[in-house]
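Below, each chain spelled out in residue letters.
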Amino acid sequence: KFEGEREKVAIETEELDAGLIFEQEPVQIMDTLLPLYLNSCLLRSLQEALASELAARMTAMSNATDNAKELTKELNIKYNRVRQSKITQEIAELVAGAAST
């Protein structure tokens, strides 16, 4: 939890217009806001780095899935060709056996 603390700082100044009202001195405001700003910048950088890493992981997994699908397709074609050649060979042997009798 980020909070700014108010401190009483005595600064000697010239006479100011009575119509002006100051809540805090500019130095106090900067001392409070600057750490909050830097923390938010750091947090944003970390969040962007995490988002980038997750996007890279998603891309890698997508590519791996595509490669696995392509490999499965190629192996299925090879399996079917071997199976088809064995069936053709068995039919040829049956026909040759029947023709010899």
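Computed from a predicted model, the values in this text were never measured in an experiment.

**So, the overall build of the chain**
Per the secondary structure count, the chain includes one helix and zero strands. Relative to its full complement of 101 residues, the chain shows a buried share of 1%. Carbon and sulfur atoms make up 59% of the accessible area of the chain, which totals about 9,800 Å².

**Digging into the pattern of salt bridges**
Tallied over the entire structure, the rule returns two salt bridges. One salt bridge in this structure joins Glu48 and Arg44, with 3.1 Å as the shortest N-O distance. Taken together, the positions of Glu48 and Arg44, both in helix α1 (residues 26-100) and four residues apart, correspond to about one turn of that helix. Owing to a relative accessible area of 45%, Glu48 belongs among the partly exposed residues under this scheme.

**Looking at a nonpolar patch on the surface**
On the surface, Met30, Leu34, Tyr37 and Leu38 cluster together to form a nonpolar patch covering roughly 430 Å² of accessible area. Mapped onto the fold, Met30 is located in helix α1. Met30 gets classed as partly exposed once you look at its relative accessible area, which sits at 48%.

**As for the environment of Ala10**
Within the element layout of this structure, Ala10 appears in the segment before α1. Here Ala10 falls in the exposed class, since its relative accessible area comes to 83%. Considered as a pair, Ala10 and Glu25 are 15 residues apart in the sequence and their alpha carbons are 9.6 Å apart.

Thresholds, definitions, all that
- Residues numbered from 1 in each chain as written.
- Predicted model: local features only at pLDDT ≥ 70, side-chain atom pairs only at ≥ 80, totals over all residues.
- Heavy atoms only, no water.
- Helix = DSSP H or I, 4+ residues; strand = E, 2+ residues; numbered from the N terminus.
- Buried < 20%, exposed > 50% of the residue type's maximum accessible area, 1.4 Å probe, protein only.
- Areas by Shrake-Rupley, 256 points an atom, 1.4 Å probe, with all protein chains shown as cover.
- Salt bridge = Lys/Arg side-chain N within 4 Å of Asp/Glu carboxyl O.
- Patch = residues over 30% accessible without salt bridge, like charges linked within 9 Å, V, L, I, M, F, W, Y side chains within 5 Å.

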